[in-house]
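As a plain string of letters, each chain reads:
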Amino acid sequence: MDHLLYGVAYYDEYMPYNRLDEDMQMMKEAGINTIRIAESTWSSEEPEEGRFDFTHVERVLRAAEKHGLHVIVGTPTYAVPPWLAKLHPEVLAITKDGPGIYGARQIMDITSPAYLFYAERVIRKLMEVVQQYSCVIGFQLDNETKHYDTAGPSVQNRFVRYLRDKFGTTQTMNRAFGLNYWSNRVDSWENFPDVRGTINGSLAAEFEKFQRMLVTEFLQWQADIVEEYRREDQFVTQNFDFDWKGHSYGVQPRVDHWEASRCLTIAGVDIYHPSQSHLTGKEIAFGGDMVRSLMNGNYLLLETEAQGFPQWLPYPGQLRLQAFSHLASGADSVMYWHWHSLHNACETYWKGLLSHDFLPNETYLEAKTIGADFRRLSPRLVHLQKEAKVAILVSNEALTAMKYFPLPEGISYNDVVRWLYDALYEMNVECDFLYPQSEDFDKYQMILVPALYAAPEELLERLDQYVENGGHLVATFKTGFCNEMVKVYHDRQPHLLWECLGVSYSQFTVPEDTYLSGDTFPLSREERALSCWMELAIPAGARVLAWYEHPAWGKYAAVTEHVYGKGMATYIASMTTPQALKAILRRALEHADLWDVEQQVSFPVIFRQGINQAGEKIVYCLHYSGEERQQTWLHEDGVELLSGKAVHQGEQLTLKPWDVKIVAIPAK
Amino acid sequence: MDHLLYGVAYYDEYMPYNRLDEDMQMMKEAGINTIRIAESTWSSEEPEEGRFDFTHVERVLRAAEKHGLHVIVGTPTYAVPPWLAKLHPEVLAITKDGPGIYGARQIMDITSPAYLFYAERVIRKLMEVVQQYSCVIGFQLDNETKHYDTAGPSVQNRFVRYLRDKFGTTQTMNRAFGLNYWSNRVDSWENFPDVRGTINGSLAAEFEKFQRMLVTEFLQWQADIVEEYRREDQFVTQNFDFDWKGHSYGVQPRVDHWEASRCLTIAGVDIYHPSQSHLTGKEIAFGGDMVRSLMNGNYLLLETEAQGFPQWLPYPGQLRLQAFSHLASGADSVMYWHWHSLHNACETYWKGLLSHDFLPNETYLEAKTIGADFRRLSPRLVHLQKEAKVAILVSNEALTAMKYFPLPEGISYNDVVRWLYDALYEMNVECDFLYPQSEDFDKYQMILVPALYAAPEELLERLDQYVENGGHLVATFKTGFCNEMVKVYHDRQPHLLWECLGVSYSQFTVPEDTYLSGDTFPLSREERALSCWMELAIPAGARVLAWYEHPAWGKYAAVTEHVYGKGMATYIASMTTPQALKAILRRALEHADLWDVEQQVSFPVIFRQGINQAGEKIVYCLHYSGEERQQTWLHEDGVELLSGKAVHQGEQLTLKPWDVKIVAIPAK
Amino acid sequence: MDHLLYGVAYYDEYMPYNRLDEDMQMMKEAGINTIRIAESTWSSEEPEEGRFDFTHVERVLRAAEKHGLHVIVGTPTYAVPPWLAKLHPEVLAITKDGPGIYGARQIMDITSPAYLFYAERVIRKLMEVVQQYSCVIGFQLDNETKHYDTAGPSVQNRFVRYLRDKFGTTQTMNRAFGLNYWSNRVDSWENFPDVRGTINGSLAAEFEKFQRMLVTEFLQWQADIVEEYRREDQFVTQNFDFDWKGHSYGVQPRVDHWEASRCLTIAGVDIYHPSQSHLTGKEIAFGGDMVRSLMNGNYLLLETEAQGFPQWLPYPGQLRLQAFSHLASGADSVMYWHWHSLHNACETYWKGLLSHDFLPNETYLEAKTIGADFRRLSPRLVHLQKEAKVAILVSNEALTAMKYFPLPEGISYNDVVRWLYDALYEMNVECDFLYPQSEDFDKYQMILVPALYAAPEELLERLDQYVENGGHLVATFKTGFCNEMVKVYHDRQPHLLWECLGVSYSQFTVPEDTYLSGDTFPLSREERALSCWMELAIPAGARVLAWYEHPAWGKYAAVTEHVYGKGMATYIASMTTPQALKAILRRALEHADLWDVEQQVSFPVIFRQGINQAGEKIVYCLHYSGEERQQTWLHEDGVELLSGKAVHQGEQLTLKPWDVKIVAIPAK
């Protein structure tokens, strides 16, 4: 697509009465140019086994063609019809909680042959129906696919086969996972016990990795089917989602996004975030940066909230701020879940752009202004190319390992990731994400490594090499502790990296009344407080930036930096406050020559930028606050696109509550 | 009965040694004239299948006749004997948690033919035994009957039949419940999925309604059996109980009290309430008002606490205050659970009038004074006729719907009901309860409607008509949102009522730092705080009494009033503090000409009144406080019945801690 | 053994590489003279059904002989191999939660014939292998054995047989348990319902007692097998553990330690306790006093933490303080769990003496000083004979009964035990524990009885007799309330003891704004606050030390004392603050002539003492504080053994943070 998509999910199937033309008319008035359909409507498309009925789909496609709307068609497979569960109960996943009971979505065994058989048939029938419509611009495979904790006998049987292929002998496996402990040793494959009961974190984590592989395999299988039908100009995407904490939060534990995205032509994502006084833009930026990094390019925002949950109803201006924030991360679309608000079932209070009454409301009226701006500015805003100098390395393996060996105080892997990410965000440092599979470490001036708890030596060696080559590494506690089988490395910690970091430890504890020492950082005592974890680090070449302030632990280092090869490595051995973290990062950024004009300003004024197709630098200035403020324009001269007015360096700009400015700076 | 009953539950079956005559002697000394027996003693009455043994029952009946005590006989069916569960495991209800395990009471499938067969047999045997005793004044069917979440295959089979009868076709049902959502659509009855797994709130709520119908059917079935035996002078009752929050709290979700009471000759109830410094009389009044409204007349208080839980042990004076409070609501009996304290099993700490030692204790000694007063004053206190001018409309459908679509902050339907009821209570405004089946709306000057979230159009129309005819309606947020199938009405909210209320909305959110605005009500800022829910109401004819005080929502109305037809309608679009609610209600009451002498006084001095058989006005003055106070007597002249002294208007009365006064005012 | 054992658990089976000689060398350097092996390594010893492999065991034994280390061999039965669960799924216990799933340790049905068959075989094979090694000094039966809530059909079948033997007829049982309640009456053994569902606390408690008997039986069975092999100089022990609250806390509910220890030659125990700023020594003393009292003599500390959980990493000095604290309780060994830190599985963060890197660390270095001191001082410190004048009577029956009839506010039986114990500890009053089976009540000057909720009359009579004979009894609320079947005694409370105590009650409640009255004790109002429970006690001869300060309950007694026979009885009818409890106990101790030199000093300076083999009095002075302090030496002159310096009465000693002094005072 060569323009911005502004869209909604639309389900004729759920309408209390026929509103198709009226709805599309209202969409057009709001500048909405795309709808997303069909996902999870299997029971409407195949109400009884073998009886297909695409009335709703075709009605909508015909209307879309008439009204000039684009359509993204989703395969309907992420919720199964009642008849299928009745006919083949084995399509319901057996999990740790036992066999499933029909009702909710996403409760299938995605490896069940019965499920795959019927899913393939309905996908093919749907593709045959939709392939004739020119309005269809692309396909979404399933939706928010995960493995749904499937762990029934046949899945476990495949898992044992996978282990056999991986290890060859049970002896090798026993040693790799340490199964001797508490008599868990397995000496014949046929005696492999039900993995759901294991208390061995290595084995449990390996099983979760295997489950994530099932997701990759399932999406590839769907992609192959769709591939047989799609036109070259049609894209294939998936709607990835994130670890959930009442809103999109962190790395998805049940999917390896990197692997799963290999079968797509463009990555898609949904991002839901707190709103009202809790709107910060962090989740919009985080989710966008993550998904953009998957395929190193623009992505589709397939779902986000319009009104959303009752507590998310946007204040005036927030819907606009959110929409442009997505573009600022590299999205080529903004699409709402969904058009109207549902009158039945469990998403009745996940409100759409329209309320249950279908009347124009304040949120819809604000959307109209977005639609108009998108249409007008699309050529300059679409396909934003972003180039970050900083990257954060994340890992499904580390996340899962830390589920089985959790930090104290309820701190998860994703909390550590967000602790770092959010600090960068507030400092206006844009970043990409790296995965263990990423190849281009060297293109970044700085790599941050949050709690890389489980990592193969090969990955640790690449990090070491990265610093040696001149990169700046910022690593935190828990990095390099275990190998990829979650076996603790039995030598100096952090394994393999301690020379690079210039620091090592063999003991650790939980901070209580413990603080960062010293005057290195200008912080109050409260800001120097530590929590969750502390390694008793002993310098081995590194310069100590802060020691522990504590009667017993005062001789150990808390934060260090080390010149190594052509680069430098910073180590943070304990969890600090956000203020302390930002002080540490500032020092590192300055050293890496990354302290620039954007860093003169900080949250709630956020800068995000990229290069548009015309080579202009597009700078988004996003104001995440309900209070008006004056902001000096520190960038070069340019044109503010929404107002059309010129902006000069040094000029005072007035930022209204939840304001957004978009400045185009000519290519030099 | 033509006199007050003062009684206890008595179980010879549970006694550690033979105390029958001694116990009855102690009862007589305390003025106790009634015992309640036999309920839940099935395993004693039929220790083995087909072997009946009514030794205990007959012993007690003979002794009661000798001592001149009345007896209420309960059918023993609410706890099944071990042999029945062994012989027919299917008598145990299958619920969401799977098959049951024998042990607790109230775990039966009340539709199981095996259960019904054996239950009928033991009821008939019992009736044959007891019908010859003149001391038996009435029967209690089962006890606190509910559906026990029964949801096994045969119950679900009946449910599908019920749906088929109701909807005719699956298409109609799919539309009514919105089953298309997430592929839940059912296209053939035989593929109807296990309802326990549904994520469709409409279907789930319909199933709960169906389960409540099973209770009505079961009680009618028992009533029909008992009817074959009972003398004309014997009553038939049931011991209804309430939603439980550590004590009796609100509308019972598992029984439709209105429907279930159709088979009775008099309604019965149990009421348990906090005590000591937490004794307010609210539950006594609430439960009494609810059960009195079922059959529009006096009722039996079949159970309440004597000593109760350890934390409920009454302070001196409280047992008296409680007893007269029950009469003030229209009870014709006060009966304790139970005579002694149990020496085994799970109610060991649900203490009776006597402790485990059977010796007279302080509570028993206070009961003696109550017994004496009851006997002496019975002619003037029995059969109190109450006539409220205000009513609260409650609905099982609304309650259940809000279970599936809950308010934020853990606020339940019953919390909203109690928020209104408790405000009225503290203002000394007495009320009845209306149910959707009630016919006589017009007899009330004011009807309050808490969160009538699910309601058929017919009911909403009656409320509209009520105002049109001159009534005063006070409705709260969430009223009229869905139909009786929990499908959100797809036009302006509140559906059908918005013209009457003169206000409408299509958006809503959760208040955060939001307050009632303005000077209409004399309230501190803290008292104007809002919580839980707020609808962004737009006046459509109504006068706005308070707007929202909030940066984003200031243009929406929070509280309105609207003259409509001959009446007036007040709308409360958000949850206020009790203080604010009372200010709003005061305004409405004054407008409805309901601000009278009782409202000059407020909690902890409570007035409750009625007309006795002699036509006297009986005014109860109940003092719910541990601190002595002076209270001017504002009513007409009368005689204080407990002391026998005259009371004159304007006279200062001294209210001792937890005091009660009962003033008879001659008919004019 | 004639010397102190200093040891570690050692598992060659879990090592990531061969370190045997290096490890033993490091042990020797640290003064470690004992290792504990083989426990829970069944799957290594018998990797497949019938294929035995004791390579690891023999390797270690050979090396131990070479390095001169003692070895304690544990039977491997507390974790079953996967093949056994696959071959005989019935070895997994069926519990309230249903059938088990393989994975964790301690999930067996210890009565399963299949389990017993295979367990016996592997034990015998192991014994045959190890009996030839002279380094083996003793055997540990299983580990932390419990009944694992086993409650499957065959266990229940045995339970019914046990009931039949105990009661003869169902009628007797029905009466004993009060099964008539809610129709639970059983009239034929074959209809006995699944006990897992019972709501009858008497029956449930009896089943738990039966389950504890299974543990006793199981250990006896293992002891009998081991007995066939062991040399006379080899001991047999078990590793008992305690009720767990994140650390060792109280009486073990799932084992009757008294009965279970009958089959041993020496008692063993593990004690885990909070550390760092939360180290108080209470658990070390409590656990030691409990296990020492079982067999009235020295015991083996088989496991305690070295580094332990991350939050337990000891401050400098703490490991020493802990080690000597164990000796001060009468331990003849200090052994760590375990040597190194595990690299896989769920105890990866239960850290050993070494970290995962096997390098000497600060904790190991401190252990070296302990090892050296142990070796040097062993002759004077081993076999410490302790003689307490005070005892606390604890009871599994009371504990279990209070599980089913819990106190409010989450207070458990063990909380009451610890409330008393910890007060004594802080006052430097050493004590033994008595069990209902103990015979020598009269040897103590004072017996404290915490909440003896369920007790046979015989035990209550012995307590009465104890006071009559001149003892001082301190009993708390809830004592003597029920018989051993958890049936409430139906006469005056405390049953049978009220004459001895000179006080009785029949009502009780929960204190709210209630305080101890009066000036008897020098306490602030805050210190006089009451919580959890209060009995409305009426003096019947006793002197009231404190009344309740409360508007309604002021006439009842809270604390009393009563001269009875030649003795005195103190009753505490409510739960006081620790300060108030200590004031009450001080009065009782003074009266009993137990206020001595140790009581001049209190926590954090702790004195513990005994007589060594040479007849010297050994006084441990344990300083549980991170702050240095001066302490006057009040005992007689002696020699401080660690420093070798003389100490004189009246001398000022400097106690460093977490310091320990051991003074030997010559026999007079």
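None of these values were measured; they are calculated from a predicted model.

1. Side note on the overall build of chain A
Along chain A, the regular secondary structure elements total 17 helices and 33 strands. For chain A, whose C-alpha radius of gyration is 26 Å, the value lies close to the compact-globule estimate of 26 Å for 668 residues. Dimensions of chain A, computed from the C-alpha atoms along their principal axes, are close to 75 × 75 × 40 Å. Counting all 668 residues of chain A, 69% fall into the buried class. At a minimum sequence separation of 6, the contacts of chain A that also span at least 24 residues come to 75%. Accessible area of chain A: about 21500 Å², with a carbon and sulfur share of 49%. Taken as two groups, the 60 positive and 89 negative side-chain charges of chain A have centres that lie 1 Å from each other.

2. Quick word on the interface of chain B and chain C
Interface size is commonly expressed as the accessible surface area that is lost when the partners come together. Across the contact, 53 residues belong to chain B and 51 residues belong to chain C. When chain B packs against chain C, close to 4100 Å² is buried across both sides, 55% of that on carbon and sulfur atoms. On the chain B side of the contact with chain C, N344(B), A345(B) and Y349(B) bury the most area, a combined 15% of that side's loss. With a shortest N-O distance of 3.2 Å, E362(B) and K555(C) are connected by a salt bridge. Linking chain B to chain C there are 31 residue pairs in polar contact (both at pLDDT 80 or more). Elements with a minimum of two residues in the side of chain B that touches chain C: α2 (42–45), α4 (82–87) and α12 (362–381) of chain B. Its residues placed into classes, the side of chain B that touches chain C shows 27 nonpolar, 17 polar and nine charged.

3. Considerations on the nonpolar core
Core analysis: the biggest nonpolar cluster contains 718 residues, and W339(A), W339(B) and W339(C) have the highest contact counts within it. If sequence neighbours within four positions are ignored, W339(C) has contacts with V8(C), A9(C), Y10(C), M15(C), D23(C), M26(C), M27(C), I32(C), G352(C), L353(C), L354(C) and Y364(C).

4. Comments concerning the pattern of salt bridges
In the structure shown here, the tally under the stated rule is 131 salt bridges over all chains. Between D233(A) and R231(A) there is a salt bridge, and its shortest N-O distance comes to 3.0 Å. Assessed through its relative accessible area of 52%, D233(A) is described here as exposed. Residue class for R231(A) comes out partly exposed when judged on its relative accessible area of 28%. With a closest N to O distance of 2.7 Å, R292(C) and D289(C) form a salt bridge. Of this pair, R292(C) and D289(C) are both found in helix α10 (residues 282–295), three residues apart, which corresponds to roughly one turn of the helix. For R292(C), a relative accessible area of 7% translates into the label buried. Given a relative accessible area of 0%, D289(C) falls into the buried group. Each of D289(A), R292(A), K386(A), E430(A), D432(A) and R608(A) takes part in one network of salt bridges that share partners.

5. Details of the sheet that holds strand β13 (residues 431–434) of chain B
Note on sheets: strands pair through backbone hydrogen bonds, and any given pair is parallel or antiparallel. Residues and elements named next belong to chain B. If you walk across this open sheet you meet the eight strands as β13-β12-β14-β15-β23-β22-β21-β18, and the pairing is mixed. Only two strands of the sheet have a single neighbouring strand rather than two, namely β13 and β18 (515–516). On the sheet, helix α17 (residues 578–591) packs against β12 (390–393), β14 (446–449), β15 (472–476), β18, β21 (543–549), β22 (557–564) and β23 (567–572) and is oriented at approximately 175 degrees with respect to β23.

6. So, the domain arrangement of chain A
Residues and elements named next belong to chain A. Examined at the domain level, chain A breaks down into domain 1 (5–148 + 233–381), domain 2 (390–595) and domain 3 (603–665). In this complex, domain 2 contributes five residues to the contact, which on the side of domain 3 involves seven residues. Here domain 2 and domain 3 share an interface that buries about 620 Å² over both sides, 41% of which is from carbon and sulfur atoms. If you sort the residues of domain 2 by the area they bury against domain 3, Y425, N428 and E430 come out on top, with a joint share of 80%. Here domain 2 is connected to domain 3 by one salt bridge. A salt bridge links R608 to E430, with the nearest nitrogen and oxygen atoms 3.5 Å apart.

7. Focus: the side chain of R528(B)
All names here are of chain B. Tracing the backbone through its elements, the reader meets R528 in the loop between β18 and β19 (531–535). Using a relative accessible area of 12% as the deciding quantity, one classes R528 as buried. In this structure the side chain of R528 is engaged in a polar contact, spanning 3.0 Å, whose partner is the side chain of E549. Excluding residues that lie within four positions of it along the chain, R528 makes contacts with T514, Y515, L516, S517, G518, L523 and E549.

8. Topic: the relation of the copies chain A and chain B
Between chain A and chain B, which share one sequence, the superposing operator has a rotation angle of 120 degrees and an axial displacement of 0.0 Å; the RMSD is 0.1 Å. These values place the two chain copies in the arrangement generated by a three-fold rotation axis.

9. Some details on the interface of chain A and chain B
Each side of the interface is counted separately: chain A has 53 residues, and chain B has 51 residues. Summing the contributions of chain A and of chain B, the shared interface buries around 4200 Å²; its carbon and sulfur component is 55%. The largest per-residue losses of area from chain A upon contact with chain B belong to N344(A), A345(A) and Y349(A), which jointly make up 15% of the total buried on that side. One can count two salt bridges joining chain A with chain B. Among the ionic pairs, R51(A) bridges to D187(B), the shortest N-O distance being 3.4 Å. Our count for the contact surface shared by chain A and chain B stands at 31 residue pairs in polar contact (both at pLDDT 80 or more). Elements with a minimum of two residues in the side of chain A that touches chain B: α2 (42–45), α4 (82–87) and α12 (362–381) of chain A. Of the residues belonging to the side of chain A that touches chain B, the class tally is 27 nonpolar, 17 polar and nine charged.

10. With respect to the environment of A540(A)
Residue and element names in this part refer to chain A. Looking at the secondary structure, you find A540 in the loop between β22 (538–539) and β23 (543–549). C-alpha separation for the pair A540 and C500, spaced 40 residues apart in sequence, amounts to 9.6 Å. Excluding residues within four positions of it along the chain, A540 makes contact with W498, G502 and V503.

11. Remarks on the sheet that holds strand β26 (residues 617–623) of chain C
All names here are of chain C. The strand order across the open sheet built from five strands is β25-β26-β31-β28-β29, with neighbouring strands paired in antiparallel fashion. The open sheet has two edge strands, β25 (605–611) and β29 (645–647), and neither has a second partner. Across the sheet, the mean angle from the axis of one strand to that of its neighbour is 30 degrees, orientation sign disregarded. With six bridges connecting them, β26 and strand β31 (residues 660–665) associate as antiparallel partners. In the strand pairing of β31, C621 is matched with K661.

12. Description of a negative patch on the surface
Residue and element names in this part refer to chain A. Together, E457, E461, E484 and D491 give the surface a local cluster of negative charge. Positionally, E461 belongs in helix α15 (residues 457–468). Judged by its relative accessible area of 42%, E461 is partly exposed.

13. Quick look at the packing of helix α10 (residues 282–295) of chain A against helix α14 (residues 413–426) of chain A
A pair of packed helices can be characterised by two numbers: the angle between their axes and the separation between those axes. Residue and element names in this part refer to chain A. Contact geometry of α10 with α14 gives a least axis separation of 11 Å together with a crossing angle of 110 degrees. In this view, α10 runs roughly perpendicular relative to α14, as classed from their interaxial angle. Seen from α10, the contacting residues are K282, E283, A285, F286 and D289; seen from α14, they are V417, R418, Y421, D422, Y425 and E426. Residues of the contact of α10 with α14, tallied by class, amount to five nonpolar, no polar and six charged.

The rules behind these values
Residues numbered from 1 in each chain as written. Chains lettered and ligands numbered in written order. Predicted model: local features only at pLDDT ≥ 70, side-chain atom pairs only at ≥ 80, totals over all residues. Heavy atoms only, no water. Helix = DSSP H or I, 4+ residues; strand = E, 2+ residues; numbered from the N terminus. Rg over C-alpha atoms; globule rule 2.2 N^0.38 Å. Buried < 20%, exposed > 50% of the residue type's maximum accessible area, 1.4 Å probe, protein only. Contact = heavy atoms within 4.5 Å. Areas by Shrake-Rupley, 256 points an atom, 1.4 Å probe, with all protein chains shown as cover. Lys, Arg positive; Asp, Glu negative; His and termini not counted. Charge placed at Lys NZ, Arg CZ, Asp CG, Glu CD. Buried area = accessible area lost by both parts, 1.4 Å probe. Salt bridge = Lys/Arg side-chain N within 4 Å of Asp/Glu carboxyl O. Polar contact = N/O pair within 3.5 Å; in protein donor to acceptor, adjacent residues only side chain to side chain. Nonpolar A, V, L, I, M, F, W, Y, C, P; charged D, E, K, R; others polar. Core = buried A, V, L, I, M, F, W, Y, C linked by side-chain atoms within 4.5 Å. Pairing = 2+ DSSP bridges. Axes fitted to C-alpha atoms, helices over the stretch in contact; angles between N-to-C directions. Domains from an automatic or database assignment. Least-squares fit on C-alpha atoms with pLDDT ≥ 70 in both. Patch = residues over 30% accessible without salt bridge, like charges linked within 9 Å, V, L, I, M, F, W, Y side chains within 5 Å. Parallel < 35°, antiparallel > 145°, perpendicular 65-115°, else oblique.

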